[in-house]
Amino acid sequence: MLEFTSAGESHGKGLVGIIEGLPAGLAINETEINAELNRRQQGYGRGGRMNIETDTVEILSGVRDGKTLGSPVSFFIANKDHENWQGIMDIGPLASANDRKVTRPRPGHADLAGAIKYNHEDMRNILERASARETAVRTAAGAIFKQLLLQFGIYIYSEVVAIGGLTCKAFRPERESLKKFKELAGKSQIGCTDLGREKEMIKLIDAARQQGESLGGVFELGAIGVTPGLGSHISFDRRLDARLAALLMSIPAIKAVEIGDGAMNAALPGSMVHDEMHYNNEKGIYRTTNRAGGIEGGISNGETILARVHMKPIPTLYKPLQSVNTSLWQEEKATVERSDVCAVPAAAVVGEAMLAYGIAEALMEQLGGDNLMQMQQNYKSYRKYLQKVWQWRKI
Ligand SMILES: Cc1cc2nc3c(=O)[nH]c(=O)nc-3n(C[C@H](O)[C@H](O)[C@H](O)COP(=O)(O)O)c2cc1C
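Definitions and cut-offs
Residues numbered from 1 in each chain as written. Predicted model: local features only at pLDDT ≥ 70, side-chain atom pairs only at ≥ 80, totals over all residues. Heavy atoms only, no water. Core = buried A, V, L, I, M, F, W, Y, C linked by side-chain atoms within 4.5 Å. Buried < 20%, exposed > 50% of the residue type's maximum accessible area, 1.4 Å probe, protein only. Helix = DSSP H or I, 4+ residues; strand = E, 2+ residues; numbered from the N terminus. Contact = heavy atoms within 4.5 Å. Pairing = 2+ DSSP bridges. Axes fitted to C-alpha atoms, helices over the stretch in contact; angles between N-to-C directions.

1. Description of the nonpolar core
Next, step 1: Counting 75 residues, the largest nonpolar core has Phe145 and Ile359 as its most contacted members.
Next, step 2: Ranked by residues supplied to this core, first place goes to helix α10 (residues 344-367) with 14 residues.
Next, step 3: Apart from the residues lying within four places of it in its own chain, the contact partners of isoleucine 359 are Leu149, Ile154, Ala223, Val226, Leu230, Leu244 and Ile305.
Next, step 4: In terms of nonpolar packing, the next biggest core, distinct from the first, is built from six residues, Tyr157, Leu178, Ala185 and Leu306 among them.

This is the structure:
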């Protein structure tokens with residue numbers, strides 16, 4: 001029902017996104033989209049590219065008088081850096097000698113595997129699309145999905161909880177503590193709420209930069225206010241946990257996704273893992289823990305949906321690793337492209353976008369509706385059902 005796709009190369013003219021299936025009548029706020037794009041560009045540890053770009057969305061279709069029409073919404077984000085790549089990234093025959101040819105693949109990047117698969121001698125033809133520049137489109141689309149979710153009281157957040165080996169305690173906000181969370185996270189250059197630990201993380205990134213190294217880390221994502229009933233246990237491909245994990249794993253450099261305390265839970269006995277249920281007149285059914293991350297049997301259970309997402313270190317190293325020159329067939333050091341040292345804070349923003357996509361998709365499946373009013377009516381009657389039949393008072 002809700003489909004999103006993207007196109008564009010890192011140093012091409014720009015990036016394009018298309019979203020099909022949004023309900024008609026949804027107000028689209030471009031300023032908020034641009035604010036999200038700006039968030040993706042921030043975060044301590046980014047490389048020089050982010051000083052060149054000021055990502056701004058241009059909506060091309062599907063919106064009129066500030067609201068969606070029900071037709072595909074398409075949008076464009078220009079690559080300012082493109083002007084520095086004239087003659088190299090031309091659509092027609094290259095106007096100048098290709099002095100940016102890549103033949104020394106970077107371990108950990110798509111260069112070699114992509115070149116073999118698509119038979120490209122110049123691995124730039126691979127890395128231009130594999131580059132995480134593409135995540136700008138996902139962020140813009142995510143900002144639109146978030147605007148839809150807010151209509152149903154759903155708020156998406158992220159927080160960085162580890163850089164390299166340095167961890168900090170997760171804040172894990174709920175609706176009541178969101179304001180405090182936003183204040184703290186807003187002050188951080190890392191997107192973590194432990195500002196003391198943040199200083200140490202910054203030092204670690206500085207040291208990595210000096211040593212020509214790179215760092216990964218972990219961020220947590222949450223969707224607050226999701227009603228029970230999104231996703232389904234009935235078929236493997238409808239399970240919400242599986243769908244969200246796939247979306248989050250699709251972000252470049254993300255190598256593991258936990259739902260709730262997934263990895264930690266595997267080491268504990270069941271009595272210390274499963275979230276016990278309680279009941280009283282005022283609250284109805286409630287829980288005091290959320291180790292399952294808001295999903296049981298592939299279905300949202302009404303608790304905050306929580307994911308822990310693990311990012312590997314950036315593959316481009318300024319002190320490059322051993323590679324092979326595939327023009328000369330001899331061992332040489334890998335190519336160095338302008339690169340981030342650590343992009344965990346930026347990846348967390350992209351994670352929010354993918355989580356927003358997954359939740360919006362499942363919500364639309366559940367509520368149906370070609371226009372926002374219909375969706376809202378269906379939502380209202382679903383909440384009534386939850387309250388009347390299931391005494392679901394707390395949402
Ligand atoms: C926000 C973000 C920024 C990234 N920046 C860089 C970068 O500057 N240099 C780099 O080599 N990889 C960067 N990456 C990671 C690569 O895009 C990724 O490792 C590569 O596409 C190979 O995919 P894989 O790691 O999923 O196998 C970034 C990833 C994200 C999410």
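2. So, the sheet that holds strand β3 (residues 57-61)
Next, step 1: Read from one edge of the open sheet, four strands run β1-β2-β6-β3, paired in antiparallel fashion. The open sheet is flanked by β1 (3-7) and β3, the only strands paired with a single partner. The sheet shows a mean angle of 20 degrees between the axes of neighbouring strands, direction not considered.
Next, step 2: Bridge count for β1 against strand β2 (residues 14-20) is five bridges, and the pairing is antiparallel. Paired with alanine 7 across the strands is valine 16, a residue of β2.
Next, step 3: Each of β3 and β6 (73-78) is contacted by helix α1 (residues 30-41), which is oriented at about 135 degrees to β3, the strand it contacts most.

3. Observations concerning the environment of threonine 288
Next, step 1: Relative to the helices and strands, threonine 288 resides in the loop between β12 (284-287) and β13 (295-296).
Next, step 2: For threonine 288 and aspartate 275, which are 13 residues apart along the polypeptide, the C-alpha to C-alpha distance reads 7.3 Å.
Next, step 3: What threonine 288 contacts, discounting residues up to four positions off in sequence, is Glu276 and His278.

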